[in-house]
Amino acid sequence: MALYDYRCGCGSEFEARFPIGQAPSSLPCPCGKGMGKRILRTPPVIFRPEGWDRSPEDPDYWKGLVEAEAEKLSKPKILKQQETRV
Ligand SMILES: [Zn+2]
């Protein structure tokens, strides 16, 4: 779960918790008169694999990050591969 911020046309801001990647872009404001729009914030700690260009709005963004991290842990990077000549 992550905390998301919303801002309404009435000027008030409110927070709501949603699973990561599943927060709606707008939520009814507690004022009862309007809809709050989600305020996009950059997560404080983020692992971005090289060449990663998805938007955080894309639900696959988070999934991809987790998969990339898991792959990094399970497969040590080969920096230089020796060529064997017969
Ligand atoms: Zn409002």
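The structure displayed is predicted, hence computed values, not measured ones. (Residues numbered from 1 in each chain as written. Predicted model: local features only at pLDDT ≥ 70, side-chain atom pairs only at ≥ 80, totals over all residues.)

Peer 1: What is the right way to look at the overall build of the protein chain in this model?
Peer 2: A count of helices and strands for the protein chain gives one helix and four strands. Traced from its N-terminal end to its C-terminal end, the protein chain shows the element sequence β-β-β-β-α. Across the 86 residues of the protein chain, 5% fall into the buried class. By sequence separation, contacts in the protein chain at least 24 residues apart represent 28% of the contacts at least 6 residues apart. (Helix = DSSP H or I, 4+ residues; strand = E, 2+ residues; numbered from the N terminus. Buried ≥ 20, exposed ≤ 12 C-beta atoms within 10 Å, placed from the backbone. Contact = placed C-beta atoms within 7 Å.)

Peer 1: What is the right way to read the confidence of the model for the protein chain from this model?
Peer 2: A low pLDDT score tells you not to read the predicted coordinates there in detail. In the predicted model, the protein chain carries a mean pLDDT of 77, and 48% of its residues have values of at least 70. Element-level mean pLDDT values for the protein chain span from 66 in helix H1 (residues 59–74) up to 95 in strand S3 (residues 26–28). (pLDDT = per-residue confidence, 0-100.)

Peer 1: What's the story with the sheet that holds strand S2 (residues 13–18) in this structure? I'm lost.
Peer 2: In a beta sheet, neighbouring strands pair by backbone hydrogen bonds and run either parallel or antiparallel. Judged by pairing direction, the sheet is antiparallel, and its four strands sit side by side in the order S2-S1-S4-S3 without closing on themselves. Each edge of the sheet is formed by a strand with only one pairing partner; in this case those strands are S2 and S3. In this sheet, neighbouring strand axes are inclined to one another by 40° on average, regardless of whether the strands run parallel or antiparallel. Pairing geometry for strand S1 (residues 2–8) and S2, over six bridges, is antiparallel. Counted as the bridge partner of Leu-3 is Arg-17 from S2. (Pairing = 2+ DSSP bridges. Axes fitted to C-alpha atoms, helices over the stretch in contact; angles between N-to-C directions.)

Peer 1: Help me out: how do you make sense of the environment of Tyr-4 in this one?
Peer 2: Looking at the element boundaries, Tyr-4 is found in strand S1. Separated by 14 residues in the primary sequence, Tyr-4 and Phe-18 place their C-alpha atoms 7.4 Å from one another.

Peer 1: Explain the environment of Met-1 to me, please; I cannot follow it from the model alone.
Peer 2: For Met-1, the position within the fold is in the segment before S1. Take Met-1: there are 9 C-beta atoms within 10 Å of it, and that puts it in the exposed class. Sequence separation between Met-1 and Pro-19 is 18 residues, and the spatial gap between their C-alpha atoms is 4.1 Å. Once you skip the residues sitting within four places of it in the chain, Met-1 turns out to touch Arg-17, Phe-18 and Pro-19.

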